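Analysis of the macromolecular model
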There are 2 protein chains.
Amino acid sequence: MAELKQSDWREQGKPPTLFKRFAFDSYSQTRAFLDALAALAEETGQHPQNINFGTTYVNLTLDALDGKTLGDTERAFAARIDALVQGS
Amino acid sequence: MAELKQSDWREQGKPPTLFKRFAFDSYSQTRAFLDALAALAEETGQHPQNINFGTTYVNLTLDALDGKTLGDTERAFAARIDALVQGS
């Protein structure tokens, strides 16, 4: 089974959330990531609980779908978000 | 002289920033506002210092261009952001 690369997502809070900061060299890279993320949300129907960004960074918080426990669905979503960066 | 409608932008912090929370009924409305805001930033070359959003809200922070004082340029940008909502 493929291992999901998401070691840099941090589990925090109660109820638990997954948090990660993405840094970019330019606003256009940041913008491309945000657009890809919006398309992914459209496709999956999953939305980050919070997206916090400036010109060269994006902080993402993912919450548990059931409001209580982070499981495979949330971690798979996190891995797909990571993949957006590789592909940009 | 036209009065800029921006009474609900809050000046806060040191150095000073302008802050406002926008609430929406749906994610598609939130998305439309964010897309319009990105287009406005593209047009003006002015970017909010921080954009913090979830499915139905957007919190915006605008900083002073000179890092010290909020002036007409920042307030005009705030007014144009307000206008995006009327138009969406």
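Here goes a summary of the coordinates provided. (Residues numbered from 1 in each chain as written. Chains lettered and ligands numbered in written order. Predicted model: local features only at pLDDT ≥ 70, side-chain atom pairs only at ≥ 80, totals over all residues. Heavy atoms only, no water.)

Taken in spatial order, the eight strands make up an open sheet running 1(A)-2(A)-4(A)-3(A)-3(B)-4(B)-2(B)-1(B), and their pairing is antiparallel. This sheet does not close on itself; its edge strands, each paired only once, are strand 1 (10–12) of chain A together with strand 1 (10–12) of chain B. On average, adjacent strands in this sheet sit at an angle of 20 degrees to one another, irrespective of strand direction. Summarising the sheet, strand 2 (residues 17–23) of chain B and strand 4 (residues 57–63) of chain B pair through seven bridges and their orientation is antiparallel. The partner of B:Lys20 across the bridge, within strand 4 of chain B, is B:Leu60. Lying on the sheet, helix 1 (residues 27–44) of chain A is in contact with strand 2 (17–23), strand 3 (50–54) and strand 4 (57–63) of chain A; it crosses strand 4 of chain A at an angle near 25 degrees. (Pairing = 2+ DSSP bridges. Helix = DSSP H or I, 4+ residues; strand = E, 2+ residues; numbered from the N terminus. Axes fitted to C-alpha atoms, helices over the stretch in contact; angles between N-to-C directions. Contact = heavy atoms within 4.5 Å.)

Once chain A is rotated about the relating axis by 180 degrees and shifted along it by 0.0 Å, it coincides with chain B to within an RMSD of 0.0 Å. Each copy turns onto its partner about a two-fold axis. Ranked by how close their C-alpha atoms come to the rotation axis, the residues of chain A are headed by A:Asn52, at 2.1 Å. The overlap is high: 100% of the interface residues of chain A also sit at the interface in chain B, so the same surface is used on both sides. (Least-squares fit on C-alpha atoms with pLDDT ≥ 70 in both.)

All names here are of chain A. Within the element layout of this structure, phenylalanine 19 appears in strand 2. C-alpha separation for the pair phenylalanine 19 and alanine 76, spaced 57 residues apart in sequence, amounts to 14 Å. Excluding residues that lie within four positions of it along the chain, phenylalanine 19 makes contacts with Asp8, Trp9, Arg10, Gln12, Asn59, Leu60 and Thr61.

This next bit is on helix 1 (residues 27–44) of chain B. Residue and element names in this part refer to chain B. Across its 18 residues, helix 1 extends 25 Å between first and last C-alpha, which sits within 8% of the 26 Å expected from 1.5 Å per residue. Within helix 1, burial applies to Tyr27, Thr30, Arg31, Phe33, Leu34, Leu37, Ala38, Leu40 and Ala41. Backbone geometry just after helix 1 places glycine 45 at a positive phi near 75 degrees. (Expected span 1.5 Å × (residues − 1). Buried < 20%, exposed > 50% of the residue type's maximum accessible area, 1.4 Å probe, protein only.)

Let's shift gears to the packing of aromatic side chains. All names here are of chain A. In total, this model carries seven aromatic pairs over all chains according to the counting rule given. Between phenylalanine 22 and phenylalanine 33, the ring centres sit 4.8 Å apart and the planes meet at 35 degrees, which makes this aromatic pair tilted. Of this pair, phenylalanine 22 sits in strand 2 while phenylalanine 33 sits in helix 1, placing them eleven residues apart in sequence. Taking relative accessible area as the criterion, phenylalanine 22 reaches 6% and is therefore assigned buried. Taking the relative accessible area as the measure of exposure, phenylalanine 33 reaches 1% and is therefore buried. An aromatic cluster of three or more residues is present, and its members are Trp9, Phe22, Phe24 and Phe33. Its guanidinium or amino end placed over the ring of tyrosine 57, arginine 21 lies 4.5 Å from that ring's centre, counting from NZ or CZ. (Phe/Tyr/Trp six-rings, centres within 6.5 Å; stacked < 30°, edge-to-face > 60°. Lys NZ or Arg CZ within 6 Å of the ring centre and 35° of its normal.)

The subject of this paragraph is the interface of chain A and chain B. Taken together, the 13 residues of chain A in the interface contact 13 residues of chain B. Taken together, the two surfaces of chain A and chain B that pack against each other cover about 1200 Å², and 49% of this comes from carbon and sulfur. Of all residues in chain A, the largest losses of buried area upon contact with chain B belong to A:Tyr27, A:His47 and A:Phe53, amounting jointly to 36% of the total for that side. For the pair chain A and chain B, the interface holds zero salt bridges. Our count for the contact surface shared by chain A and chain B stands at six residue pairs in polar contact (both at pLDDT 80 or more). Going through the elements one at a time, helix 1 and strand 3 of chain A are the ones with two or more residues in the side of chain A that touches chain B. For the side of chain A that touches chain B, the leading source of residues is strand 3 of chain A, giving five residues. (Buried area = accessible area lost by both parts, 1.4 Å probe. Salt bridge = Lys/Arg side-chain N within 4 Å of Asp/Glu carboxyl O. Polar contact = N/O pair within 3.5 Å; in protein donor to acceptor, adjacent residues only side chain to side chain.)

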